[in-house]
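Examination of the molecular architecture
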Amino acid sequence: MILRYVHYFLAVAEHGSFTRAAAALYVSQPALSQQIKLLEQTLQVQLFDRTGRTVRLTDAGKVFQRHARQAMNELEAGARAVQDVEDLSRGHLRLGLTPTYTPWLAGPLLAAFWQRYPGITLAVSEGTQGQIEQQLVNDELDIGLGFAGDHAAELSATPLMQEGLVLVVSKKHPLAGQKQLAITALTGEPLVLLDCSFSTRVEIDQQCRTQNVSPNLVMETNTLGAILALLQRAPLASILPDTLVQAHNALCTLELSPPLSGRTGVALTRKNTRHAAAGALIEVLSHVLGELKVRQ
């Protein structure tokens, strides 16, 4: 079966139109239609229902689409593996990381990796843990930085570090200067937290329920930067990873008593895949984490 047929089939399925697919592929519509007909003849099934205004997949087409996507992902992974030469003089790496890593780790990590492997092109994106895991499963990322937990069966996790969850306030906050706060005090202390799309928030909620504490939540957001900026401008508190606060001189931390359990940062990759650049990034990351720990 010619690979071009499969590529054209997926384009029509995605666009739901021969006209739009042809435009996206820079081919004529008659030529595209002919290629799809040849594919259907090869498979001896009808892949598209052409009777309505839009082109829809038949049941057979839906089945073939699933396998075709998987095959194309594998071929693209193979192409990247060919380019991912042993000496790491060139290549391409797709990295995803959760937002709590960005303020304190992304800069040192990316700088160190580029200095050591300048020929490798990095594509870096930020997302929630769930988004990163799904992108890894879909072969849209090569490596993700997240946290230990119940991961998809297709993924493996390499432990990197431990971090704790602490109460964070500005140095002008009434609580600033205290070393510790009873966790029961969270019922009266106005808090701004990350929303439930973040693993950090899920962990906080689970542990507070375990200790029969109902935090005084006055605001939530899916933007970490907004929380950090808000804490410096209003007498609010938040619960965040202790690693995050180290990069912000205007903020300070208080241990909660009893403390919220720490969590393990991990590097996530797909099982049974070899990506030399991803392995190199994990090595650089371990070195960077060691340096950051020394400076703490």
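Scroll up a little and you will see the structure.
Since we're looking at a predicted model, the values are computed, not measured.

Observations regarding the overall build of the protein
Looking only at helices and strands, the protein has ten helices and 13 strands in total. Viewed in the frame of its principal axes, the protein has a C-alpha envelope of about 75 × 50 × 30 Å. Buried positions account for 43% of the 296 residues belonging to the protein. Taking all contacts inside the protein whose residues are at least 6 apart in sequence as the whole, residues at least 24 apart take part in 75%. If you sum the accessible surface of the protein, you get close to 15,400 Å²; carbon and sulfur atoms cover 51% of it. Separation of charge centres in the protein, based on 25 positive and 26 negative side chains, amounts to 5 Å.

Some thoughts on helix α1 (residues 3-15)
Its 13 residues give α1 an end-to-end C-alpha distance of 19 Å, which sits within 8% of 18 Å, the value for a rise of 1.5 Å per residue. When we look at burial in α1, the residues that qualify are Tyr5, Val6, Tyr8, Phe9, Leu10, Ala11 and Val12. The first or second residue beyond α1 is Gly16, which carries a positive phi of 65 degrees.

Thoughts on the packing of α1 against helix α3 (residues 29-43)
For the pair α1 and α3, the least separation of the axes is 9 Å and the interaxial angle reads 110 degrees. Taken together, the axis directions place α1 and α3 in an arrangement best described as roughly perpendicular. As α1 packs across α3, the resulting crossing turns out to be left-handed. Listed contacts from α3 to Arg4, Tyr5, Tyr8, Phe9 and Val12 of α1 are Leu32, Gln35, Ile36, Leu38 and Leu39.

A look at the environment of Leu193
Structurally, the position occupied by Leu193 is in strand β9 (residues 190-194). The sequence separation of Leu193 and Ile227 amounts to 34 residues, and the corresponding C-alpha distance is 7.4 Å. What Leu193 contacts, discounting residues up to four positions off in sequence, is Arg201, Leu217, Met219, Glu220, Thr221, Ile227, Ser238 and Ile239.

Considerations on the packing of aromatic side chains
A full pass over the atoms with the stated rule returns six aromatic pairs. Between Tyr101 and Phe147 the ring centres are 5.2 Å apart and the planes differ by 10 degrees, which places this aromatic pair in the stacked class. You can see Tyr101 sitting in the loop between β3 (91-97) and α5 (102-116) and its partner Phe147 sitting in strand β5 (residues 143-147), a full 46 residues away along the chain. In terms of burial, Tyr101 and Phe147 fall into one category: buried. Ring-pair connections join several aromatic residues into one group, and the members of that group are Phe9, Phe18, Phe48 and Phe64.

Quick word on the pairing of strand β10 (residues 216-221)
Note on strand geometry: in a regular strand, side chains alternate between the two faces of the sheet. The pairing of β9 with β10 spans five bridges and is parallel. Counted as the bridge partner of Pro190 is Asn216 from β10. Between the parallel pair β9 and β10, the chain is carried across by helix α7 (residues 199-210), and the sense of this crossover is right-handed.

What about the nonpolar core?
The biggest cluster of nonpolar side chains holds 42 residues, and the ones touching the most others in it are Leu105 and Leu145. Contributing elements (two or more residues each) for this core: β3, α5, β5, β7 (165-170), β9, α8 (224-231), α9 (242-245) and α10 (276-295). At eleven residues, α10 tops the list of elements feeding residues into this core. Residues within four places of Leu105 in sequence aside, it is in contact with Leu145, Leu285, Val288, Leu289 and Leu292. Core analysis: the next-biggest nonpolar cluster, separate from the first, contains 20 residues, Val12, Ala22, Phe64 and Met72 among them.

Let's talk about the environment of Ala226
Counting through the fold element by element, Ala226 comes out in helix α8. When the C-alpha positions of Ala226 and Leu47 are compared, they lie 48 Å apart, and in sequence the two are 179 residues distant.

Some details on empty space enclosed by the protein
Applying the stated criterion across every chain, the model contains one cavity of 30 Å³ or more. Taken together, Thr98, Pro99, Thr100, Gly127, Thr128, Gln129, Phe147, Phe198, Ser199, Thr200 and Arg263 form the lining of the largest cavity. A class-by-class count of the residues in the lining of the largest cavity yields three nonpolar, seven polar and one charged.

Parameters and conventions
- Residues numbered from 1 in each chain as written.
- Predicted model: local features only at pLDDT ≥ 70, side-chain atom pairs only at ≥ 80, totals over all residues.
- Heavy atoms only, no water.
- Helix = DSSP H or I, 4+ residues; strand = E, 2+ residues; numbered from the N terminus.
- Buried < 20%, exposed > 50% of the residue type's maximum accessible area, 1.4 Å probe, protein only.
- Contact = heavy atoms within 4.5 Å.
- Areas by Shrake-Rupley, 256 points an atom, 1.4 Å probe, with all protein chains shown as cover.
- Lys, Arg positive; Asp, Glu negative; His and termini not counted.
- Charge placed at Lys NZ, Arg CZ, Asp CG, Glu CD.
- Expected span 1.5 Å × (residues − 1).
- Axes fitted to C-alpha atoms, helices over the stretch in contact; angles between N-to-C directions.
- Parallel < 35°, antiparallel > 145°, perpendicular 65-115°, else oblique.
- Left-handed = near helix turned anticlockwise from the far one by under 90°.
- Phe/Tyr/Trp six-rings, centres within 6.5 Å; stacked < 30°, edge-to-face > 60°.
- Pairing = 2+ DSSP bridges.
- Right-handed = clockwise from strand over helix to strand, strands pointing away.
- Core = buried A, V, L, I, M, F, W, Y, C linked by side-chain atoms within 4.5 Å.
- 1 Å grid on protein atoms, 1.4 Å probe; cavity = no way out; pocket = protein on both sides within 12 Å on 5 of 7 lines; lining within 4 Å.
- Points joined across faces, edges and corners; volume = space filled by probe spheres on them.
- Nonpolar A, V, L, I, M, F, W, Y, C, P; charged D, E, K, R; others polar.

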